[in-house]
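Coordinate analysis (summary)
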Amino acid sequence: MRLLLVEDDPALAEGIAEFLRGQGDEVEVEGDGMRADRLLQNNGYDFVLLDVGLPGLGGYELVRRIRKRGQRMPVIVITARDALDDRIYGLDLGADDYLVKPFELAELSARMRAVQRRGGGAGARLAFGALALDLDGRLAELDGAPMTLSGREWEVLEALVRADGRTVTRENLQGDGSGNALEVCISRLRPRVEAAGLLIRTVRGFGYRLERSKEQRDGADQPPA
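Computed from a prediction, not measured in an experiment: that's the story for all the values here.

**A short note on the overall build of the protein chain**
- Helix and strand counts for the protein chain come out as nine helices and 12 strands.
- Relative to its full complement of 225 residues, the protein chain shows a buried share of 46%.
- Considering only intrachain contacts with a sequence separation of at least 6, the fraction spanning at least 24 residues in the protein chain is 58%.
- Counting every atom, the protein chain has about 11,000 Å² of accessible surface; 49% of that belongs to carbon and sulfur.

**Considering the sheet that holds strand E8 (residues 139–142)**
- Pairing is antiparallel in the open sheet, where four strands are placed in the order E6-E7-E8-E9. Only two strands of the sheet have a single partner each, and these edge strands are strand E6 (125–128) and strand E9 (145–147). Neighbour to neighbour, the strand axes of the sheet diverge by 25° on average, direction disregarded.
- Pairing of E8 with E9 involves three bridges; the strand directions are antiparallel. When the sheet's bridge partners are listed, Glu141 is paired in E9 with Pro146.
- Each of E6, strand E7 (131–134), E8 and E9 touches helix H6 (residues 151–163); the most contacted strand, E7, lies at about 110° to it.

**Observations regarding the side chain of Asp96**
- Secondary-structure assignment places Asp96 in the loop between helix H4 (84–93) and strand E5 (97–100).
- The class for Asp96 is buried, based on a relative accessible area of 17%.
- Separated by 2.9 Å, the side chains of Asp96 and Arg67 make a polar contact.

Thresholds, definitions, all that
- Residues numbered from 1 in each chain as written.
- Predicted model: local features only at pLDDT ≥ 70, side-chain atom pairs only at ≥ 80, totals over all residues.
- Heavy atoms only, no water.
- Helix = DSSP H or I, 4+ residues; strand = E, 2+ residues; numbered from the N terminus.
- Buried < 20%, exposed > 50% of the residue type's maximum accessible area, 1.4 Å probe, protein only.
- Contact = heavy atoms within 4.5 Å.
- Areas by Shrake-Rupley, 256 points an atom, 1.4 Å probe, with all protein chains shown as cover.
- Pairing = 2+ DSSP bridges.
- Axes fitted to C-alpha atoms, helices over the stretch in contact; angles between N-to-C directions.
- Polar contact = N/O pair within 3.5 Å; in protein donor to acceptor, adjacent residues only side chain to side chain.

Quick look at the structure:
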């Protein structure tokens, strides 16, 4: 898995990261909440572990922003705050689990596995910015309005949304079709999603990825009113 660990205690962060890397995970560490928020907007992660007391932007607000953007990756809060009200607040904001410091690394690993088993952060609905996909009904909405998509357009959009900001190769997107057919599909989708602040970016020689426009990214950096 590709994980983002948001923890401002360097020794603790390094200990957790080393443990998870030893299990085969790819771990990126960030100690500032605002920088972590920008990473989450522009990179795809399979799992997020975050502290509550962070400089720049608190962990609770970070959870709120993750879920408000429609990002569905599992999130476990790791914190020294053990009051019941704190745990309830974090879970109500959208965290999948809450682990109180100090903890054993083996317990962290077990909780991560438990969240994955019960489908934490997943579900029958995917979202990226203003774009939402109902996987069971194969329905798409953009800014809350239904989108009419061909079967091919649905497949491409679903792959891009699932990648959550990561690049998807041309081979994975074109399936059994030709490269020209993929380019035609992308050219049809681009103006539709751009109207809602999303970009389908070409990664030359590799594939495509879905991004938020600069205006959307800048807006997300502003504190809520």
